[in-house]
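# A closer look at the structure
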Amino acid sequence: MYDAMVHKILENCTCRPTFAKFVITTQETMELDKNYKACFGDRLLCVKKWTDKWGGEEDNLDRTVNLLTGKEEQCLQACDVQTDNIFISSSQYPSQYTFPDRMDAFCSIVTKVRDRICKDEYRKYSFESQFPNGCLTYNRYPNICKVSSAEIDTSSLDKDFVDAVVKYASDNFVVVKIFVGDPYYTQIVRSEKISITQMLGNAGGLIGLCLGFSVMSLVEMFYFTITSCINLCPRKK
């Protein structure tokens, strides 16, 4: 299915997806590097459109060329299949009421803006184009967050200063937490319903049960066949 997806993207998006090198031959990879550029910009939307249809029968994304037979065949499901349920939850960050008490995050913004951005001419210009007089606000407290954040009483700070820190955090910071919700998973293993050995064993068991047939019966049949042929053949006098 990866191979089908790669060639479908090459055909419709005229660009090379980043995962193409992992699913095609070395020779094809060299040709792709020569004739196709990596997908970027608006072409990524085209790639997303097709990857959302991964394995779809209506677009023949479940078929590819079998390297052994050279014919286009339907892809089979993997023997080992694992499915995961994804749950997404979100909340506003930062909260105006709790963020000032997060000393590590609060001080990281203060030191970044006051000690680095506001001391660089170009960064300061870009910063104050979004936050007018922002450096003046941050420089009201030149000594906080330099010794120990635990000693800071944010309730004693100016409201304008705290609001400026919270506003900068809400525009530039995001917290992403990824974790496994369930301590277990369900693994589905696909295997053949009956193997050749099992089929022969079942057939032999049924024959023995219904006809009383056994290995000794096979030997007896062979013996009587030979003796019958000998008896029927004319003997020389």
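Described in the following lines is the structure provided in the data block. The structure presented is a predicted model; accordingly, all values stated were derived computationally and were not measured.

Criteria and thresholds
- Residues numbered from 1 in each chain as written.
- Predicted model: local features only at pLDDT ≥ 70, side-chain atom pairs only at ≥ 80, totals over all residues.
- Heavy atoms only, no water.
- Helix = DSSP H or I, 4+ residues; strand = E, 2+ residues; numbered from the N terminus.
- Expected span 1.5 Å × (residues − 1).
- Buried < 20%, exposed > 50% of the residue type's maximum accessible area, 1.4 Å probe, protein only.
- Contact = heavy atoms within 4.5 Å.
- Salt bridge = Lys/Arg side-chain N within 4 Å of Asp/Glu carboxyl O.
- Disulfide = S-S within 2.5 Å.

For the α-helix, the turn length of 3.6 residues means that residues three or four positions removed from each other point alike. Taking 1.5 Å of rise per residue, 15 residues should cover 21 Å, and helix H4 (residues 103–117) covers 20 Å from first to last C-alpha, within 8% of that figure. For H4, every residue scored as buried is listed here: Met103, Ala105, Phe106, Cys107, Ile109, Val110, Thr111, Val113, Arg114 and Ile117. Against helix H5 (121–130), helix H6 (134–138) and helix H7 (159–172) lie the buried residues of H4.

The full count for this structure, using the stated rule, is seven salt bridges. Here Asp59 makes a salt bridge to Lys53, at a shortest N to O gap of 3.9 Å. For Asp59, a relative accessible area of 19% translates into the label buried. Under the relative-accessibility criterion, Lys53 is labelled partly exposed at 30%. A salt bridge links Asp115 to Arg114, with the shortest nitrogen-to-oxygen separation between them at 2.9 Å.

Even without a glycine there, the phi angle at Thr14 is positive, about 50°. Relative to the elements of secondary structure, Thr14 occurs in the loop between helix H1 (2–13) and helix H2 (26–35). Judged by relative accessible area, Thr14 falls into the partly exposed class, the value being 41%. Non-glycine residue Asn133 carries a positive phi angle of around 60°.

On to the environment of Gly55. Its place among the elements puts Gly55 in the loop between helix H3 (43–51) and strand S1 (63–65). Separated by 53 residues in the primary sequence, Gly55 and Tyr2 have C-alpha atoms spaced 8.7 Å apart. Once you skip the residues sitting within four places of it in the chain, Gly55 turns out to touch Met1, Leu61 and Asp62.

This part is about the state of the cysteines. On inspection of all chains with the given rule, the structure shows four disulfides. The disulfide that involves Cys13 links it to Cys46, with 2.0 Å between the sulfurs. Disulfide Cys13-Cys46: torsion about the S-S bond near -80°, hence left-handed. Here Cys13, found in helix H1, pairs with Cys46, found in helix H3; they are 33 residues apart in sequence, far enough to count as distant. A relative accessible area of 5% places Cys13 in the buried class. Numbered by order of appearance in the sequence, the disulfide-linked cysteines of the protein pair as 1-4, 2-3, 5-8, 6-7.

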